[in-house]
Amino acid sequence: MADSYRILLGENELPQQWYNVQPDLPRPLPPYLHPATGKPVTPDDMLPIFPMELILQEVSQERWIEIPDEVLDIYRLWRPSPLHRARRLEKLLKTPARIYFKNESVSPAGSHKPNTAVPQAYYNKMAGVTRLATETGAGQWGSALSFACNAFGLGCTVYMVKVSYQQKPYRRSMMQIWGSEVYPSPTDRTDSGRAILAQDPESPGSLGIAISEAVEDAVKHEDTKYALGSVLNHVLVHQSIVGLETKKQLQLAGEKADVLVGCVGGGSNFAGFCFPFVPDKLKGDNIRMVAVEPTSCPTFTKGAYMYDFGDTAGLTPLMLMYTLGHSFVPPGIHAGGLRYHGDAPLLSLLVHEKVIEARAYPQNPVFEAAIAFARTEGIVPAPETAHAIRAGVDEALKCKETGEEKCIVIAFSGHGFLDLAAYDNFIGGNLIDFEYPDSKIQEAIAAIPKFPG
Ligand SMILES: *Cc1c(COP(=O)(O)O)cnc(C)c1O
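Residues numbered from 1 in each chain as written. Predicted model: local features only at pLDDT ≥ 70, side-chain atom pairs only at ≥ 80, totals over all residues. Heavy atoms only, no water.

UniProt's feature table lists "modified residue: N6-(pyridoxal phosphate)lysine" (unreviewed entry) at Lys-113, given in the numbering used throughout. Looking at where Lys-113 falls in the secondary structure, it is placed in the loop between β5 (98-103) and α5 (114-126). Residue classification places Lys-113 among the buried residues on the basis of a relative accessible area of 16%. What Lys-113 contacts, discounting residues up to four positions off in sequence, is Gln-140, Trp-141, Ala-144 and Gln-239. (UniProt positions renumbered as here; feature names shortened; annotations may be inferred. Helix = DSSP H or I, 4+ residues; strand = E, 2+ residues; numbered from the N terminus. Buried < 20%, exposed > 50% of the residue type's maximum accessible area, 1.4 Å probe, protein only. Contact = heavy atoms within 4.5 Å.)

Following this line, the structure appears as structure tokens:
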């Protein structure tokens, strides 16, 4: 064990329960609010789009939630995932720190997203649903849900942002391999899509438009529901499998983590990775948790903590979270998964309570770290994941200055084999470091309706 590269758990050591952070929060999570009434959202309000079991998980105060056998059975196709010791990266950096990374790139879709796609498909199947509708940007979530729906014999309709559909054909291919119908959004299949097309037949689409189309599809069809890949509490519960395995693996390695780092788009991979460590921290354990975001979408580092819509069109319930405003459109950076205007309410609460810290990086230093990682550890990180690597590298370089032998653990959310154009751009010197002027961010925040109160 002393010189191992990978710390592995057997299939029989796969956690049998998910962890829910809600009962361990320093204060209760404020409710979602109905956009029309301003009153807390009830389970009945959510039933047209989600099955009851997932709605119950959304508000559950149970610390442990049993993972159904049928879900464990699919998880075992790739889980438990390995925890790697990044010895060659440590050597390159000449750091006394020990660097580990929890490798979620080994899943069928190449990221952490199947961890929630599989249970979501399962609970929908159990509720008698026959088809799921969803949106996807670059295709990470769409491919994860396609894999999961196929595993349980559900139909899957994916509204894929048109510009990505045209520019990133390979994840579309994966979705089709797993049996999904994929449409470039805006489509003429929904009122929301037709309204956009009437204004602009050449619209490149956006995640906000695609969400509206998928939700409308679910609401209008009795047998169809909607699935979301991040942000919501039940998604974070499912992703806790990542942190629970990591805890076991660190114990096996005889380690105690000093710093946990992960990238944040909506917050699901990072929350799943670090929430199982939150009770230890609240009991006084000296562990830091660092959420990493791009400077082009600085939700935690420059956003406001207030109620806002989850989508661009303003159709979803209002959630108390860090936000840049639902109309905020970040520039087209390569880490597409990190371009969300808000952050998971649970993660937002813990950042607000200073249990979790946050930092932001521009693209160039992020890709520099990703290349160093690929050249030492061999795996090409997803551009999103590269943000976590940058932060892990910086923590290790700090240790080099102070001589501290810290244990740093990175959430490796996915591989970048379908994002190679981003690397071409970096190597060609064509990546633009984009930073919003503060005034522009203040403007976006000021435009968020003050609601409620
Ligand atoms: C989607 C995605 C992210 C961002 O989503 P979170 O919900 O914040 O985890 C990060 N990394 C990869 C590889 C992704 O596919």
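To continue, consider helix α2 (residues 52-59). Buried within α2 we find Leu-54, Ile-55, Gln-57 and Glu-58. End-on view of α2: buried residues confined to an arc of 160°, all on one side of the axis. In this fold, the buried residues of α2 make contact with β2 (17-19), α1 (43-46), β3 (64-66), α5 and α11 (233-252). (Arc of directions from axis to C-beta.)

What follows is about the domain arrangement of the protein. The extent of an interface is frequently quoted as the accessible surface area lost upon association of the parts. As assigned here, the protein comprises domain 1 (6-13 + 78-110 + 242-446) and domain 2 (20-66 + 111-226). The centre of domain 1, based on its C-alpha atoms, is set 23 Å off from the matching centre of domain 2. Taking both sides of the interface into account, the surface hidden between domain 1 and domain 2 amounts to around 3000 Å²; carbon and sulfur atoms contribute 68%. Together, Ala-109, Leu-349 and Leu-418 form the three largest contributors to the area buried by domain 1 at its contact with domain 2, with a combined 20%. There are two salt bridges connecting domain 1 and domain 2. With its nearest N and O atoms 2.5 Å apart, the salt bridge here joins Glu-353 to Arg-27. The interface formed by domain 1 and domain 2 includes 11 residue pairs in polar contact (both at pLDDT 80 or more). Looking at the side of domain 1 that touches domain 2, the elements with two or more residues in it are α11, α12 (268-274), α13 (278-282), β12 (304-309), β13 (318-323) and α15 (345-352). Tallying contributions element by element places α15 first for the side of domain 1 that touches domain 2, with five residues. Class assignment of the residues belonging to the side of domain 1 that touches domain 2 gives a composition of 24 nonpolar, 11 polar and five charged. (Domains from an automatic or database assignment. Buried area = accessible area lost by both parts, 1.4 Å probe. Salt bridge = Lys/Arg side-chain N within 4 Å of Asp/Glu carboxyl O. Polar contact = N/O pair within 3.5 Å; in protein donor to acceptor, adjacent residues only side chain to side chain. Nonpolar A, V, L, I, M, F, W, Y, C, P; charged D, E, K, R; others polar.)

One open sheet accounts for four strands, arranged β8-β7-β6-β9; its pairing is parallel. The open sheet has two edge strands, β8 (181-185) and β9 (224-226), and neither has a second partner. Averaged over all pairs of adjacent strands, the angle between strand axes in this sheet comes to 25°, irrespective of strand direction. Where strand β7 (residues 155-161) and β8 come together, five bridges link them in parallel fashion. Within β8, the residue paired with Thr-157 across the bridge is Glu-181. (Pairing = 2+ DSSP bridges. Axes fitted to C-alpha atoms, helices over the stretch in contact; angles between N-to-C directions.)

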